[in-house]
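# Architecture and fold: a report
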Amino acid sequence: MPKYKKIADKIRDKIMTHEYPIGTKLPYEYVLCVNYHCNKETMKKALDILVKEGLIIRRRGAGTFIKDISLDDKPNSIFNRSLTKRFETSKVSSDVIEFEVIPCDEFLAGKLQIEIGDFVYHIIRNRYVDGKPYLIDISYIPLNQIPNLKIQILKGSIYDYISKELNLKLQSCHISISSALSTSLEQDFLGLKENEPYIQEEQVAYLSNNTIFEYTLSRYHYAHYEFQTIFVNG
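Residues numbered from 1 in each chain as written. Predicted model: local features only at pLDDT ≥ 70, side-chain atom pairs only at ≥ 80, totals over all residues. Heavy atoms only, no water.

### Re helix 7 (residues 158-165)
Quick reminder of the rule: Accessibility here uses a 1.4 Å probe with only protein chains present; expressed as a share of the type maximum, an area under 20% marks a residue as buried, one over 50% as exposed, and anything in between as partly exposed. The numbering of helices and of strands both runs from the N terminus, where a helix is a DSSP run of H or I of at least 4 residues and a strand a run of E of at least 2. What the arc describes is the spread of directions from the helix axis to the C-beta atoms. Throughout, a contact is declared for two residues whenever any of their heavy atoms are within 4.5 Å.
Restricting attention to buried positions, one finds in helix 7 the residues Ile158, Tyr159, Tyr161 and Ile162. The buried residues of helix 7 all sit within an arc of 165° when viewed along its axis, so they share a single face. Of the exposed residues in helix 7, those oriented more than 90 degrees away from the buried face are Lys164 and Glu165. Turning to helix 7, the residues buried within the fold contact strand 4 (119-129), strand 5 (132-142), helix 6 (151-154), strand 6 (170-181), strand 7 (197-207) and strand 8 (212-221). Where helix 7 ends, the next residue or the one after it, asparagine 167, has phi of about 55°, a positive value.

### Describing the nonpolar core
One recurring pattern in soluble globular proteins: nonpolar side chains tend to sit buried together. Heads up, the rule is: Think of a nonpolar core as a cluster: buried Ala, Val, Leu, Ile, Met, Phe, Trp, Tyr and Cys residues, connected wherever their side-chain atoms sit within 4.5 Å.
By size, the foremost hydrophobic cluster in this structure holds 21 residues, and its most contacted members are Cys104, Leu112, Val120, Ile136, Ile138, Tyr140 and Tyr215. When residues of this core are traced back to their parent elements, those giving at least two are helix 5 (106-112), strand 4, strand 5, helix 8 (184-190), strand 7 and strand 8. Each residue touching cysteine 104, except ones within four places of it in the same chain, is listed here: Ala109, Ile114, Glu115, Ile116, Gly117, Asp118 and Val120.

### Some thoughts on the domain arrangement of the protein
Defined as follows: Domain ranges listed in this record stem from an automatic or a database domain assignment. By definition, a salt bridge exists where a carboxyl oxygen of Asp or Glu is found within 4 Å of a side-chain nitrogen of Lys or Arg. Note on residue categories: nonpolar means Ala, Val, Leu, Ile, Met, Phe, Trp, Tyr, Cys or Pro, charged means Asp, Glu, Lys or Arg, and polar means any other residue, Gly included.
Looking at the assigned domains, one finds that the protein contains domain 1 (3-66) and domain 2 (78-224). Here the C-alpha centre of domain 2 lies 30 Å away from the C-alpha centre of domain 1. In this assembly, 8 residues from domain 1 lie in contact with 6 residues from domain 2. Counting the contacts that link domain 1 with domain 2 gives 0 salt bridges. When residues of the side of domain 1 that touches domain 2 are traced back to their parent elements, those giving at least two are helix 1 (3-16) and helix 3 (40-52). For the side of domain 1 that touches domain 2, the residue count by class is 3 nonpolar, 1 polar and 4 charged.

### Concerning the pattern of salt bridges
In this structure the tally under the stated criterion is 9 salt bridges. Taking the shortest distance from any N to any O, the salt bridge between glutamate 202 and lysine 111 comes out at 3.5 Å. Of this pair, glutamate 202 sits in strand 7 while lysine 111 sits in helix 5, and the two are 91 residues apart along the sequence. Residue classification places lysine 111 among the partly exposed positions, given a relative accessible area of 25%. Close ionic contact of arginine 127 with aspartate 137 constitutes a salt bridge, the shortest N to O distance being 3.6 Å. Of the two residues, arginine 127 sits in strand 4 while aspartate 137 sits in strand 5, which places them 10 residues apart along the sequence. Assessed through its relative accessible area of 6%, arginine 127 is described here as buried. With relative accessibility at 7%, the residue aspartate 137 sits in the buried group. Connected via shared salt-bridge partners are Lys44, Asp48 and Arg58.

### Quick look at the packing of aromatic side chains
Selection criterion: Whether two aromatic rings pair depends on their centres lying within 6.5 Å, for rings of Phe, Tyr and Trp, where Trp uses its six-membered ring; planes under 30 degrees apart make the pair stacked, over 60 edge-to-face, and the rest tilted.
Under the defined criterion, the tally for this structure stands at 8 aromatic pairs. When the ring of phenylalanine 99 is compared with that of tyrosine 121, the centres are 5.8 Å apart and the planes differ by 25°; the resulting orientation is stacked. Remark: tyrosine 121 occurs in strand 4 and phenylalanine 99 occurs in strand 3 (residues 92-103); sequence separation between them is 22 residues. Aromatic side chains phenylalanine 107 and tyrosine 215 sit 6.0 Å apart centroid to centroid with 70° between the ring planes, which places their arrangement in the edge-to-face category.

### Description of the packing of helix 2 (residues 29-36) against helix 3
Definition in use: Every angle, taken between N-to-C directions, lies between 0 and 180 degrees, and every axis is a line fitted to C-alpha atoms, over only the stretch in contact when it is a helix. Relative orientations are named as follows: roughly parallel for angles under 35 degrees, roughly antiparallel for angles over 145 degrees, roughly perpendicular for angles from 65 to 115 degrees, and oblique for any other angle.
Contact geometry of helix 2 with helix 3 gives a least axis separation of 9 Å together with a crossing angle of 100°. Taken together, helix 2 and helix 3 sit at an angle that is classed as roughly perpendicular. Only Lys40, Met43 and Leu47 of helix 3 make contact with helix 2, whose side of the interface consists of Glu29, Leu32, Cys33 and Tyr36. When the residues that make up the contact of helix 2 with helix 3 are grouped by side-chain class, the tally is 5 nonpolar, no polar and 2 charged.

### Observations concerning the packing of helix 1 against helix 3
Short version of the rule: Crossing handedness is read from the near helix: turned anticlockwise from the far helix by less than a right angle, it gives a left-handed crossing, and turned clockwise, a right-handed one.
Viewed as axis vectors pointing N to C, helix 1 and helix 3 meet at an angle of 50°, and their least axial separation amounts to 8 Å. Judged by the inter-axis angle, helix 1 sits oblique to helix 3. Crossing geometry of helix 1 relative to helix 3 is assigned as right-handed. Residues Lys3, Tyr4, Lys5, Ile7, Ala8, Ile11 and Arg12 of helix 1 lie in contact with helix 3, whose contacting residues are Thr42, Met43, Lys45, Ala46, Leu47, Ile49 and Leu50. Looking at the contact of helix 1 with helix 3 residue by residue, the class counts come to 9 nonpolar, 1 polar and 4 charged.

As structure tokens, this is what we get:
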């Protein structure tokens, strides 16, 4: 294992055991380099991993701080991004269009941080809210992270299965938003016309043990998509 990953593991352990308490500032980078016997570039790579995992945050001119990862009851929690959680008072249902196991290619291996050829679930679901088409989910999930997925689980909430049946903790997700011209896949389900775009959320989601358990593309009708967030100073 590369040295920067070993250092990231050590710092992560200290965060999880509160040796580095939530909200506190990490030691200066040169102090970390001395403590972990590495150069500046190695430490930067280690801290970059923890930033991507949502464990630490860099504040320009102030330093690097430990984030509060106990977010299950907060609006921006990864758990609250589950469609069944977002629409608790509505009926959420899913049609499973594709469910197969495939070896991942170089692209998926990079997204999921696994080896080329490792097996993943390839899942396509048409998802409804109160019987109306809402989004298309295209997901890739490593078999060794989330075992024994079945169609009945996919018709409900995968996140519920992960947290309640497998007793795994969801930690963070990283989302990028883009758009593209629709194909027949999106046109048929979302009611888009030829040459109309869809809005896509690309999501990479992590468990609390630092492993990626999901790479998902969620596609919405451009006219029905809304994204809200909150930015706070300090």
